[in-house]
Amino acid sequence: MAAAVFNQSIGASQSLGHFNTSGLHQEFGKGSVRLISKAFEVDVGLSKRGCSNSSQRNLSIIRASTSQTSLIDIVSSPSHNKSNDSLKKSGEAALILIRHGESLWNEKNLFTGCVDVPLTKKGVEEAIEAGKRISNIPIDMIYTSALIRAQMTAMLAMTQHRRKKVPVIMHNESEQATAWSQIFSEDTKKQSIPVVADWRLNERMYGELQGLNKQETADRYGKEQVHEWRRSYDVPPPNGESLEMCAQRAVAYFKDQIEPQLLAGKNVMIAAHGNSLRSIIMYLDKLTSQEVISLELSTGIPMLYISKEGKFIRRGSPAGPAEAGVYAYTKKLALYRQKLDEMVH
Ligand SMILES: O=C(O)[C@@H](CO)OP(=O)(O)O
């Protein structure tokens, strides 16, 4: 049931430019976005932008060169910015999920799984369009899979973000990689967004179906069998991962690495894949193994959740950057957007 509703909301967002506005009145009452007190600060990085003088800058350089802080430490540090502390206490954060844009093997209708193929031109455009839709939503951390189609999607989407922070891929695969990718300015770190790429967010491993044409496979093994391999919870494709197996690593990664960030008030975007995201959505929406069968995700459509006090509230898909409703879901989102507007005007 829940899965079917979710399908509808994704479908609606594509065809009609709609999104779920059910939270609007609960959180705010009608039309109150503009009435919120300006004293309520969001993303202090915004108000600090461009305000550092040279002595502050010199200090930052000294601190950076004598300390071991990484970009992730800066973003995760509770003392990183004071006004954000009060927001963190509210335990509220935005979570954006986005399936990568169309890949060259989506276009050819081939099972892809963990084969690392890039986006098509249409996929690039979808990622840019997705970026426009979320361009007013705060993002402090980005998680992607280890696969280029998810990483391209995240990076292309970020080219549209109004905050203009720079996404920076973290390289912790070896001590040398960590040392060689250090940033030696605290100010520059604050204007950066760490991007963590991890294989546990990869597409499900499709086993011996990888590289096969989906239609030809259905013709050969039967539509039902192929549907079971593609959408069932616990039936793995030959020598591949079932959704359940994919969930064991993707949801575990979400719980271990991403949820603590959200609980600390960090706004997170995850760019990943049809099935790794289905498994995460199953966890967020508490779907049953029956309900998840009908959950389909379109390429390049961002989905917004609000994480609040350990709960996840699905807010559908933002239809466009100028849509008022989505920013009124929480004070934090409304004020973040207001700040961005003030920066521009
Ligand atoms: O081929 C794949 O890796 C996936 C996603 O494109 O396919 P399906 O939708 O069949 O799970």
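Structure's up top.
Keep in mind it's a predicted model, so treat the numbers as computed, not measured.

1. A few points about unusual backbone geometry
Residue Lys286 is not a glycine yet carries a positive backbone phi of 50°. Within the fold, Lys286 resides in the loop between helix H15 (274-284) and strand S6 (302-308). Among the residues examined, Lys286 registers a relative accessible area of 70% and is labelled exposed. Positive phi outside glycine occurs at Glu309, with the angle close to 45°. The topology assignment puts Glu309 in the loop between S6 and strand S7 (311-314).

2. Overview of the site of the ligand
All residues adjacent to the ligand are Arg99, Asn106, Leu110, Phe111, Thr112, Gly113, Glu203, Tyr206, Lys214, Arg230, Arg231 and Asn275. The backbone of Thr112 places a nitrogen or oxygen atom 2.8 Å from an oxygen atom of the ligand. For the ligand, an oxygen atom lies 2.7 Å from a polar atom in the side chain of Arg231. When the free accessible area of the ligand is taken as 310 Å², the share hidden by the protein chains comes to 96%.

3. With respect to the pattern of salt bridges
Any two side chains of opposite charge can pair, so long as their charged atoms come close to each other. Counted according to the given criterion, the structure contains nine salt bridges. Put simply, Lys122 and Glu102 hold a salt bridge, and the shortest N to O gap is 3.7 Å. On the criterion of sequence distance, the pair formed by Lys122 in helix H8 (residues 121-133) and Glu102 in the loop between strand S1 (92-99) and helix H7 (104-107) is long-range, its members being 20 residues apart. Exposure remark for Lys122: the relative accessible area of 47% places this residue in the partly exposed category.

4. Regarding the nonpolar core
Counting residues in each nonpolar core, the largest one holds 32 residues, and the members touching the most others are Leu95, Leu97, Tyr143, Phe254 and Ile270. Every element with two or more residues in this core is listed here: S1, strand S2 (141-144), helix H14 (243-263), strand S5 (268-272), H15 and S6. The element that contributes the greatest number of residues to this core is H14, accounting for eight residues. Those residues in contact with Leu97 that sit more than four places away from it in its chain are Ile270, Leu277, Ile281, Leu284, Ile301, Pro302, Met303 and Tyr305. Counting residues in each nonpolar core, the second largest holds 17 residues, with Ala94, Ala154, Leu304 and Leu333 among its members.

5. Concerning the packing of H14 against H15
Packing of H14 against H15 brings their axes to within 8 Å, and their N-to-C directions diverge by 65°. As judged from the angle between their axes, H14 and H15 are roughly perpendicular. Along this stretch, H14 crosses H15, giving a crossing that reads as right-handed. Contact residues: H14 offers Leu243, Cys246, Ala247, Ala250, Val251, Phe254, Lys255 and Glu259, while H15 offers Asn275, Ser276, Arg278, Ser279, Ile280, Tyr283 and Leu284. Looking at the contact of H14 with H15 residue by residue, the class counts come to nine nonpolar, three polar and three charged.

6. As for the layout of surface pockets
The space that makes up the second largest pocket amounts to roughly 290 Å³. At the level of secondary structure, the elements contributing two or more residues to the lining of the second largest pocket comprise helix H13 (223-231) and H15. Residues belonging to the lining of the second largest pocket are distributed by class as follows: four nonpolar, seven polar and eight charged.

Here is what the cut-offs are and how they apply
- Per chain, the residues get numbers from 1 upward, laid out in the order the sequence is written.
- Reporting in this predicted model follows two pLDDT cut-offs: at least 70 for local features of residues, and 80 or more for side-chain atom pairs to be given and counted; totals over whole chains, interfaces and linings ignore these cut-offs and use all residues.
- Note that water and hydrogens are dropped before the side-chain values are worked out from all heavy atoms of the structure.
- Only DSSP runs of H or I with at least four residues qualify as helices, and only runs of E with at least two residues qualify as strands; both kinds are numbered from the N terminus onward.
- Think of it in three bands: residues with accessible area under 20% of the maximum for their type are buried, residues over 50% are exposed, and the middle band is partly exposed, with areas taken using a 1.4 Å probe on protein chains only.
- When we say a residue is near a molecule or strand, we mean one of its heavy atoms is within 4 Å of it.
- Whenever a nitrogen or oxygen atom comes within 3.5 Å of another N or O atom, the pair is scored as a polar contact, on the condition that within protein one atom can donate a hydrogen and the other can accept it, and that pairs from neighbouring residues in sequence are kept only if both atoms are in side chains.
- Note on areas: these come from Shrake-Rupley sampling with a 1.4 Å probe, and a residue is covered only by the protein chains present in the view.
- Salt-bridge detection follows one rule: a side-chain nitrogen of Lys or Arg within 4 Å of a carboxyl oxygen of Asp or Glu.
- What we call a nonpolar core is a set of buried Ala, Val, Leu, Ile, Met, Phe, Trp, Tyr and Cys residues that are connected through their side-chain atoms within 4.5 Å.
- Whether two residues are in contact is decided by their heavy atoms, any of which lying within 4.5 Å being enough.
- Simply put, an axis is a line fit to the C-alpha atoms, just over the touching stretch for a helix, and the angle between two N-to-C directions goes from 0 to 180 degrees.
- Under this scheme an angle from 65 to 115 degrees is roughly perpendicular, one under 35 degrees roughly parallel, and one over 145 degrees roughly antiparallel; angles in between are oblique.
- It is the rotation of the near helix from the far one that decides the hand of a crossing: anticlockwise by less than a right angle makes it left-handed, clockwise makes it right-handed.
- Polar here means any residue other than Ala, Val, Leu, Ile, Met, Phe, Trp, Tyr, Cys and Pro, which are nonpolar, and Asp, Glu, Lys and Arg, which are charged; Gly is therefore polar.
- Using a 1 Å grid laid over the protein atoms alone, points where a 1.4 Å probe fits but cannot get out form a cavity; open sets with protein on both sides within 12 Å along at least 5 of 7 lines form a pocket; any residue with an atom within 4 Å of a point counts as lining.
- Grid points are joined across faces, edges and corners, and a volume is the space filled by probe spheres set on the points.

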